[in-house]
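Notes for the structure review
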Amino acid sequence: MRKFKKGIVYLLFAIPVVTQLYPLLWLVLYSLKTNEEIMDGSFFSFPKSFQWHNYSEAYTSGSYLKYLSNSVFVTGVTMICVIVLASMVAYAISRFRWKYGNIVMTIFLMGMMIPMQATLLPLMIIFKNIHVLNTHLSLILPYIAFSTPIAVFILSGFMRDIPHEIEESAFIDGASVYRIFRSIILPVSIPPVMTVCILTFINIWNEYILAATFISSEKLKTLPFGVYTFVSQYSVNYGNIGAFLVMGALPVILIYFFLSNKITKGMVAGAVKG
C-alpha cells in the first residue's frame, strides 16, 4: 500500500512535468524540420534530417542581434528602475511608522489587479501627447508601472521582518536613513531582490502587446517581432520561425533553470511572511 501511494504521488508530479516540458521539446523538434515536414502535419514526429541551418538563417536573416539588443536594453533599464523604486517604497512602507503607510500599500496592491490590455488606449493618447510614442521610453514606463506593485509586495514582506535593532545600532553610530537603506537593508534583502529581478525579466522579455502597440520603427522593435522576418506575402518559413523562437526563449529558460531556487527562497522570505 505504501508503494502504491508513492506511485500515485510520482504520477501526479509527472503529469505537470510532462505537460510543461513537452511544448519546449516540440518547439525544438519543430525548429529542426523542413517546411514540407511541418506542412505534412507530422507534429509529433522527429525530423527526418536535422535542419541545423535553420538556426544560422534565423540568426542572420532574422537580425537576431538587433532585436536582442533592443530587448536587453528595455529589460535591463526596466529591472534597474523597478528595483530602485520598489525597494525605496517597500522600505518606507515596512520600516517607517506613518499614517498613510497602509493606504499606499493598498494602492500598490490594487495596481496588481489592473490588466495591461485595459491601459492600451489611454497610454497611447498620453504618449502621443508627450511625444514619447514610438520610442523605447513608451515601453519602459508601462513596464515599470506594471512590475513595481508585485516588487513592492515581495520586498516589503521581507523587510518587515528585519530586526529593528540593526537600524537602532546604526542610528546610534550616526548613520542617516539613506546610509542605513544603502548599506544595511539592501544587502540583507538580496534574496527577494533577486526574485524581483527574475520575475521582471521573465514577464518583460517576450512581452508583445505593448510593444506592438507603441513601437512601429523597425530599428526599435524587440525580440518577439523577429519572427515576422520569415513571413512574406506568398510564403512562410516555419523552420526558421521555430529556430528564432527557440533562440528567443533560451535566455529565459537558462535564467530560470539556474536561478529558480532563488525565486522560491525570495517568495517564501517575502510574500509569504508579508
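Residues numbered from 1 in each chain as written. Predicted model: local features only at pLDDT ≥ 70, side-chain atom pairs only at ≥ 80, totals over all residues. Heavy atoms only, no water.

1. Brief notes about the side chain of Glu207
Take Glu207: it is sitting in the loop between helix H10 (190–205) and helix H11 (209–214). Buried charged residue Glu207 carries no salt bridge. Nearest counter-charge: Lys221, at 13 Å. Separated by 3.3 Å, the side chain of Glu207 and the backbone nitrogen of Ala211 make a polar contact. Filtering out sequence-adjacent residues up to four positions away, Glu207 remains in contact with Met116, Tyr143, Thr222 and Pro224. (Helix = DSSP H or I, 4+ residues; strand = E, 2+ residues; numbered from the N terminus. Buried < 20%, exposed > 50% of the residue type's maximum accessible area, 1.4 Å probe, protein only. Lys, Arg positive; Asp, Glu negative; His and termini not counted. Salt bridge = Lys/Arg side-chain N within 4 Å of Asp/Glu carboxyl O. Polar contact = N/O pair within 3.5 Å; in protein donor to acceptor, adjacent residues only side chain to side chain. Contact = heavy atoms within 4.5 Å.)

2. Notes on the confidence of the model for the chain
Counting all residues, the mean pLDDT for the chain is 84, and 93% of those residues have values of 70 or more. Confidence, expressed as mean pLDDT per element, reaches its minimum in the chain at helix H12 (residues 238–272) with 74 and its maximum at helix H4 (residues 64–95) with 92. (pLDDT = per-residue confidence, 0-100.)

3. Some words on the packing of aromatic side chains
One pass over the structure, following the stated rule, counts 12 aromatic pairs. Aromatic pair Tyr67 and Phe244: ring centres 6.4 Å apart, planes at 85°, arrangement edge-to-face. One end of the pair, Tyr67, is in helix H4; the other, Phe244, is in helix H12, with 177 residues separating them in the sequence. Classification of Phe244 by relative accessible area gives buried; the value is 1%. An aromatic cluster of three or more residues is present, and its members are Tyr59, Tyr64, Tyr67, Phe230 and Phe244. Over the aromatic face of Tyr67 sits the side chain of Lys66, whose NZ or CZ is 4.8 Å from the ring centroid. (Phe/Tyr/Trp six-rings, centres within 6.5 Å; stacked < 30°, edge-to-face > 60°. Lys NZ or Arg CZ within 6 Å of the ring centre and 35° of its normal.)

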